[in-house]
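Letter by letter, the chains look like this.
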Amino acid sequence: MASSSSYNCPCAACKFLRRKCMPGCIFAPYFPPEEPQKFANVHKIFGASNVSKLLHELLPHQREDAVNSLAYEAEARVKDPVYGCVGAISFLQRQVERLQKELDAANADLIRYACNDIPSGIACTAGSKFGSSHGSSAEAG
Amino acid sequence: MASSSNSPCAACKFLRRKCQPECVFAPYFPPDQPQKFANVHKVFGASNVTKLLNELHPHQREDAVNSLAYEADMRLRDPVYGCVGVISLLQHQLRQLQMDLSCAKSELSKYQNLGITGHGLIAAAAAAATATTHHHQQNLGINLIGSGGSNHRDHHYHHQFFPSNQQQMIRTFDAANNYDASSLLAMNVSASIGQISQLQQPRAAGGDDRRTAIDPS
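Source: prediction; values computed, not measured.

Novice: For this particular structure, what's the right way to read the confidence of the model for chain B?
Specialist: Close reading of the predicted structure is inappropriate where its pLDDT is low. Residue and element names in this part refer to chain B. Overall, the prediction assigns chain B a mean pLDDT of 70, with 50% of residues at 70 or greater. Here residues 129–142 is a poorly scored stretch, pLDDT under 50, and it has 35 contacts once near neighbours within four places are set aside; other chains count. Scored below 50 in pLDDT, residues 148–169 shows 45 contacts in the model against residues more than four places distant or in partner chains. The ipTM for the predicted assembly is 0.76, set against a pTM of 0.67.

Novice: What exactly am I supposed to notice about unusual backbone geometry here?
Specialist: Most peptide bonds are trans, and most residues other than glycine sit at a negative phi. Residue and element names in this part refer to chain A. One non-glycine residue with positive phi stands out, namely Arg 18, at about 55 degrees. The residue Arg 18 is located in the loop between helix 1 (12–17) and helix 2 (36–45) in this model. Overall, the relative accessible area of 79% leaves Arg 18 in the exposed class.

Novice: I keep staring at the packing of helix 3 (residues 46–54) of chain B against helix 4 (residues 58–77) of chain B and nothing clicks. Help me out?
Specialist: Residues and elements named next belong to chain B. Contact geometry of helix 3 with helix 4 gives a least axis separation of 10 Å together with a crossing angle of 150 degrees. Accordingly, the angle class assigned to the pair helix 3 and helix 4 is roughly antiparallel. Relative to helix 4, the crossing made by helix 3 is right-handed. Along its contact with helix 3, which presents Val 49, Leu 52, Leu 53 and Asn 54, the element helix 4 presents Arg 61, Ala 64, Val 65 and Leu 68.

Novice: What am I meant to see in the environment of Val 96 of chain A here?
Specialist: Of note, Val 96 of chain A is situated in helix 5 (residues 86–115). Discounting residues that sit within four places of it in the chain, Val 96 of chain A has contacts with Leu 90, Gln 93, Leu 94 and Leu 97 of chain B.

Novice: I keep staring at the environment of Arg 112 of chain A and nothing clicks. Help me out?
Specialist: Among the structural elements, Arg 112 of chain A can be located in helix 5. Side chain to side chain, Arg 112 of chain A and Asp 109 of chain A meet in a polar contact 2.7 Å long.

Scoring rules and cut-offs
Chains are numbered independently. Their residues run from 1 in the order of the written sequence. Working convention: letters from A go to chains and numbers from 1 go to ligands, in the order in which they are written. Per-residue local features are limited, in this predicted model, to residues with pLDDT of at least 70; the limit for side-chain atom pairs, both in listing and counting, is 80 or more; totals at the level of whole chains, interfaces and linings are taken over all residues. Computation of side-chain values: all heavy atoms of the structure, hydrogens and water removed. pLDDT is defined as a per-residue confidence score from the predictor, taking values between 0 and 100. We call two residues in contact whenever any of their non-hydrogen atoms come within 4.5 Å of each other. Working definition: helices are DSSP H or I runs of at least four residues, strands are E runs of at least two. Numbering for both runs from the N terminus. Summary of the burial criterion: residues with accessible area below 20% of their type's maximum are buried, those above 50% are exposed, and those between are partly exposed, where the area comes from a 1.4 Å probe applied to protein chains only. Fitted lines through C-alpha atoms give the axes, limited to the stretch in contact for helices. The angle between two N-to-C directions lies from 0 to 180 degrees. Should an angle fall under 35 degrees it is called roughly parallel, over 145 degrees roughly antiparallel, and 65 to 115 degrees roughly perpendicular, with every other angle called oblique. We call a crossing left-handed when the near helix sits turned anticlockwise from the far one by less than a right angle, and right-handed when that turn is clockwise. Definition of a polar contact: a pair of N or O atoms within 3.5 Å, with one able to donate and the other able to accept a hydrogen when the atoms are protein atoms, and with sequence-neighbouring residues admitted only if both atoms are side-chain atoms.

Structure below.
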């Protein structure tokens with residue numbers, strides 16, 4: 001956490017809001033003066049009073065992560081005003097679906113290799129029957 | 001779309017004001033969805049949303065409102081991480097899937113290269129099963145890699161938010177396909193948020209000794 005003493009330097013939030021940075025400033029630990037853009041983005045998207053309310057509703061040990069996630073979302077929204085970070089979610093969901101399908105197909109191939117008497121090097125295609133067609137000499141005929 | 005001549009939109013109802021014909025909220029906050037505006041108002045504030053919508057073309061506003069509503073909903077469900085928790089979860093799933101796929105392809109290539117058929121495959125697979133650990137062991141003696149769904153995955157998250165029905169929490173959001181993938185990679189969630197970066201640690205439970213994750217491309 002950045003320790004911003006109001007006697008030395010106001011935090012980025014109070015600098016932005018042009019007010020005195022008091023000792024108990026809720027923003028000071030999380031918006032150091034050397035990162036002005038962080039608060040600027042958060043203020044633009046969420047607003048100072050919404051962020052303040054949210055932080056007050058959290059336990060102190062949760063606040064840093066909350067501020068950082070808000071800063072991330074705010075930056076994403078500034079860069080993409082239409083979708084914000086939801087665009088990333090949509091993209092990742094599609095990637096997960098795509099890879100899951102590939103994995104399912106690979107597992108299906110593994111099963112086919114185990115169940116079918118397919119010589120190596122021959123690609124398995126969908127639709128081949130499962131089930132062993134050959135019995136060992138130990139099995140009853 | 002809500003007609004202000006008949007019924008105020010959800011926003012104006014919430015704000016207790018007259019819904020004017022040119023109300024910027026009316027097309028996107030119908031009166032039958034009061035919670036949508038309530039959430040957006042709580043997280044973003046009405047004036048911030050107004051400013052944002054006014055900066056967009058009219059054809060972009062519906063998607064913008066829906067994404068804001070989604071973000072607001074996620075933030076209210078998880079006040080600490082909001083949507084970022086969802087992104088983190090998806091990144092973790094993606095890394096896991098890539099590892100699983102890599103393992104599956106490696107197994108496949110063994111069978112393709114060894115030239116073993118039928119029962120020999122089963123025996124080889126059984127031998128391979130003792131060397132590596134996977135999620136599931138089928139009675140065929142083949143270890144299928146991963147599973148068909150995330151329910152079988154072993155999630156270790158440091159934030160307590162995610163319930164067992166995680167997939168239900170992550171509502172699919174159908175954003176347009178013009179999302180810039182490179183900007184996602186530039187905004188590395190794990191790098192910017194300290195505790196979430198611990199999700200990149202290899203899973204310790206289950207004795208999983210898989211290879212390190214491959215970054216999504």
